[in-house]
Structure formats: C-alpha cells, structure tokens
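Structure assessment
Chain by chain, the residues:
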Amino acid sequence: MSVSGGHRPVRKAIFPVAGLGSRFLPATKASPKEMLPVVDKPLIQYAVEEAVKAGITEMIFVTGRTKRAIADHFDKAYELEHQLEKSGKRQLLQIAREVVPKGVSFTYIRQTEALGLGHAVLTAAHLIGSEPFAVLLADDLISPQASALEQLVQQYELTGNSVIAVQSVPSPEISAYGVISGQKHAERLYLLDNIVEKPKFEDAPSDKGVTGRYIFTPPILDKLRVLEPGAGGEYQLTDAIQALLSEERILAYEFAGTRYDCGSKMGLLRANIELGLEHPDISNDLRKYLKNELLKEL
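Keep in mind it's a predicted model, so treat the numbers as computed, not measured. (Residues numbered from 1 in each chain as written. Predicted model: local features only at pLDDT ≥ 70, side-chain atom pairs only at ≥ 80, totals over all residues. Heavy atoms only, no water.)

So, on to the overall build of the protein chain. Assigned secondary structure in the protein chain consists of eleven helices and 13 strands. Taking 2.2 N^0.38 as the reference for a compact globule, 298 residues should give roughly 19 Å; the C-alpha atoms of the protein chain span a radius of gyration of 20 Å, in line with that estimate. Put simply, 74% of the contacts in the protein chain that link residues at least 6 apart link residues at least 24 apart. As displayed, the protein chain offers around 15,300 Å² of accessible surface, 51% of which is attributable to carbon and sulfur atoms. Averaging the positions of the 34 positive and the 38 negative side-chain charges in the protein chain gives two centres separated by 5 Å. (Helix = DSSP H or I, 4+ residues; strand = E, 2+ residues; numbered from the N terminus. Rg over C-alpha atoms; globule rule 2.2 N^0.38 Å. Contact = heavy atoms within 4.5 Å. Areas by Shrake-Rupley, 256 points an atom, 1.4 Å probe, with all protein chains shown as cover. Lys, Arg positive; Asp, Glu negative; His and termini not counted. Charge placed at Lys NZ, Arg CZ, Asp CG, Glu CD.)

Here's what the structure looks like:
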C-alpha cells in the first residue's frame with residue numbers, strides 16, 4: 001500500500017518513555033511521568049490518540065523498568081469493565097473501553113540504558129524495518145484539536161521526505177531546544193539546512209525550536225547505528241538528523257496548535273487549566289472558580 005506520490009504510508013510510531021521524570025518527584029517515584037494526568041487523561045493517552053488520528057496503527061513504546069503502568073493502562077481491564085457493567089455505569093464503561101483503540105497494536109521494548117533520544121529510537125529499529133515511522137514525545141502535549149502529527153503526515157505524503165515539527169521559541173528558552181535553520185519553502189514549511197542541539201542564544205541559527213513530533217524515512221536508522229556519543233555521553237537524535245541532511249532533503253514544519261511543555265511543572269499546570277476550560281464536564285465550574293475565587297487571592 002502507498003500514499004499519494006508512491007510513498008509508503010506511516011503506520012508505526014515510537015514513543016520514548018524510559019525517562020525517570022525526576023522533575024516531578026515524588027509523584028514519579030513509583031509512577032511514570034507519562035501517566036501524569038491532564039484533566040482526566042494521562043499524558044501518554046493524549047499522544048496515542050494523536051497518533052491514531054494521524055493513521056498510526058502500530059504503537060511502539062521504548063520503556064524503562066518503572067514503566068509497567070503504561071502497559072497496564074493500554075491493556076484490557078476485565079475486572080473494571082465487569083464492575084462498571086454490573087453497576088450500570090454505561091458511560092464510564094465506554095470511556096474505559098475506548099482507552100484501547102480498535103485495530104491498533106501495542107508493543108513494549110526495554111531501553112536498558114538511558115543513553116539519549118537517539119539511542120531510544122534505535123532500540124526500536126528492528127520493529128521498524130524499512131518503513132517510514134513517527135516519533136512522539138509525550139512530554140510535549142499539543143492541543144488535541146490541532147492533530148499536529150496528522151499535519152506532519154500530510155507533508156510527508158506530499159513529499160516523501162522526513163518532517164520534523166518546529167515552533168517559534170522565546171529567546172530566553174532557546175538554549176533548551178534543538179534549533180533549525182533553513183529556507184522557507186511554503187507556508188509554515190522550511191527546507192532544513194542545519195540543526196543545532198541546545199545552542200546559546202547568541203549562537204542560535206533561528207528562533208525555530210524542534211518539538212516532540214517527527215516523521216522519519218528509514219535511512220535515519222542507519223545514521224543512528226554509526227552515531228558517536230554527543231553531549232553528556234548520549235546519542236543525540238539531532239546529530240543523526242544533521243548527518244542525514246547530507247544525503248536527503250529534510251523538512252521542518254511549523255505546526256498549527258498550542259504546545260504545552262508538560263516536562264515542566266508550570267507547563268503541566270497550564271495544560272490542566274487550559275484543557276480544563278475546554279472540557280464539557282468542568283469548563284463552566286472551572287471558569288467560575290478562576291474568575292470569582294482564585295483571582296481574589298492574587
């Protein structure tokens with residue numbers, strides 16, 4: 001099967017979820033940071049739902065030793081479903097069942113050492129084979145209605161090229177990102193010519209920072225296999241992207257949608273408030289609370 005232009009469709013996605021989440025201790029001492037809730041869903045579920053909407057059918061999780069809860073979350077909960085059905089809680093039963101989308105498979109592989117994002121992606125290489133694939137970082141929650149990965153898939157289908165998501169980043173934060181430079185090719189679309197990992201502000205080639213959504217063609221895996229360790233002894237995905245640039249065109253797409261950096265406490269709180277204001281069950285009450293109660297304390 002192919003998509004427009006004769007390219008193989010993107011059906012597989014890698015979710016690197018082996019990180020320790022130390023910024024959120026003690027909450028993450030025994031629970032994965034990807035299971036931190038935003039309103040009523042864990043971060044990882046938002047990412048999976050985004051992938052499903054983009055046409056992904058094979059979810060590959062690169063996990064660590066404390067991540068059992070992720071696999072449990074995407075497993076069928078017979079006891080819970082039985083109890084909900086017995087109690088006549090049909091709406092909650094439907095919610096529980098919809099956590100695991102129909103026609104979607106879940107595979108889990110252990111990253112035995114924390115050697116960086118590039119190493120995490122390479123850990124899943126044997127499950128990718130010679131197909132294009134997506135990478136999603138659950139820490140980056142992008143407003144669900146935006147379907148950011150779907151936007152990238154559309155660009156891949158038009159061109160057959162690897163596509164990475166970018167957004168404009170405020171100057172004080174630029175040193176925390178991989179930063180690109182490139183020529184504007186179309187609306188929101190850039191032809192990549194360089195990517196620098198966490199540059200100083202004065203050395204940054206642009207204000208466009210890489211965010212946690214990628215579509216890759218298979219040759220990126222060859223670059224990862226021969227990659228030398230970079231900063232901190234880790235295998236940087238940005239270094240592999242830079243190496244691939246010498247052989248094929250790579251695109252950067254400035255996606256439409258709001259990104260919440262849920263790897264930070266402030267970003268997670270902001271996501272809970274703003275998505276809560278959109279949630280049909282609590283939006284009115286939350287809005288009243290923020291307006292009438294909380295603002296009195298400020």
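Next comes the rest of the write-up.
To continue, consider the nonpolar core. If you look at the biggest cluster of nonpolar residues, it comprises 35 residues, and the most contacted ones within it are F15, I44, M59, F61, L149 and I215. With sequence-adjacent residues up to four places away left out, F61 is seen in contact with F15, V17, I44, V48, I70, F74, F106, T107, Y108 and I109. Core analysis: the second largest hydrophobic core is formed by 32 residues, V121, A125, L221 and L224 among them. (Core = buried A, V, L, I, M, F, W, Y, C linked by side-chain atoms within 4.5 Å. Buried < 20%, exposed > 50% of the residue type's maximum accessible area, 1.4 Å probe, protein only.)

As a note on interpretation, predicted positions should not be read in detail where pLDDT is low. Overall, the predicted model of the protein chain reaches an average pLDDT of 89, with 96% of residues at or above 70. Taken element by element, the protein chain is modelled with least confidence in strand 9 (residues 178–186), mean pLDDT 84, and with most confidence in strand 6 (residues 133–136), mean pLDDT 98. (pLDDT = per-residue confidence, 0-100.)

So, on to helix 11 (residues 283–293). Residues S283, L286 and L290 constitute the buried set of helix 11. What you see down the axis of helix 11 is that its buried residues fit within an arc of 70°, all on one side. Residues of helix 11 that are exposed and point over 90 degrees away from its buried face: N284, D285 and K288. (Arc of directions from axis to C-beta.)

This part takes up the packing of helix 3 (residues 78–86) against helix 4 (residues 90–98). Following both chains from N to C, one finds helix 3 and helix 4 inclined at 160°, their axes separated by 8 Å at the closest point. One element, helix 3, and the other, helix 4, form an angle in the roughly antiparallel class. Read as a crossing pair, helix 3 and helix 4 show a hand that is left-handed. Here L80, E81, L84 and E85 of helix 3 lie close against helix 4, whose contacting residues are R90, L92, L93, A96 and R97. Here the residues of the contact of helix 3 with helix 4 sort into five nonpolar, no polar and four charged. (Axes fitted to C-alpha atoms, helices over the stretch in contact; angles between N-to-C directions. Parallel < 35°, antiparallel > 145°, perpendicular 65-115°, else oblique. Left-handed = near helix turned anticlockwise from the far one by under 90°. Nonpolar A, V, L, I, M, F, W, Y, C, P; charged D, E, K, R; others polar.)

This paragraph deals with the pattern of salt bridges. Overall, the coordinates contain 15 salt bridges when judged by the stated rule. Measuring nitrogen to oxygen at the nearest pair gives 2.9 Å for the salt bridge that ties K76 to E81. For E247, the salt bridge identified is with K223, shortest N-O distance 2.4 Å. Pair noted here: E247 is in the loop between helix 9 (237–244) and strand 12 (250–254) and K223 is in helix 8 (residues 219–225), with a separation of 24 residues, a long-range link. Given a relative accessible area of 54%, E247 falls into the exposed group. In the salt-bridge network here, residues are joined through shared partners; they are K76, E81, E85, R90 and R97. (Salt bridge = Lys/Arg side-chain N within 4 Å of Asp/Glu carboxyl O.)

For L92, the location among the structural elements is in helix 4. As a C-alpha pair, L92 and E81 span eleven residues in sequence and 8.9 Å in three-dimensional space.

Working note: regular strand, side chains alternate between the two faces of the sheet. Of all six residues in strand 4 (residues 58–63), five are buried; the element is thus mostly enclosed. In this structure, strand 1 (residues 12–16) lies alongside strand 4, joined through five bridges in parallel fashion. Its bridge partner being in strand 4, F15 is matched across the sheet by F61. Two strands pair when backbone bridges link them, and strand 4 and strand 5 (residues 105–110) are joined in this way by six bridges, in the parallel orientation. The partner of M59 across the bridge, within strand 5, is F106. (Pairing = 2+ DSSP bridges.)

On to the environment of S87, then. Summarising the element assignment, S87 is placed in the loop between helix 3 and helix 4. Taking C-alpha positions, S87 is 36 Å from G64, a pair spaced 23 residues apart along the chain.

Evaluation of the coordinates by the stated rule reveals seven aromatic pairs. Aromatic side chains F61 and F106 sit 6.0 Å apart centroid to centroid with 10° between the ring planes, which places their arrangement in the stacked category. Of this pair, F61 sits in strand 4 while F106 sits in strand 5, and the two are 45 residues apart along the sequence. Here F61 falls in the buried class, since its relative accessible area comes to 0%. Taken together, the aromatic side chains of F15, F61, F74, F106 and Y108 make up a single cluster linked through ring pairs. (Phe/Tyr/Trp six-rings, centres within 6.5 Å; stacked < 30°, edge-to-face > 60°.)

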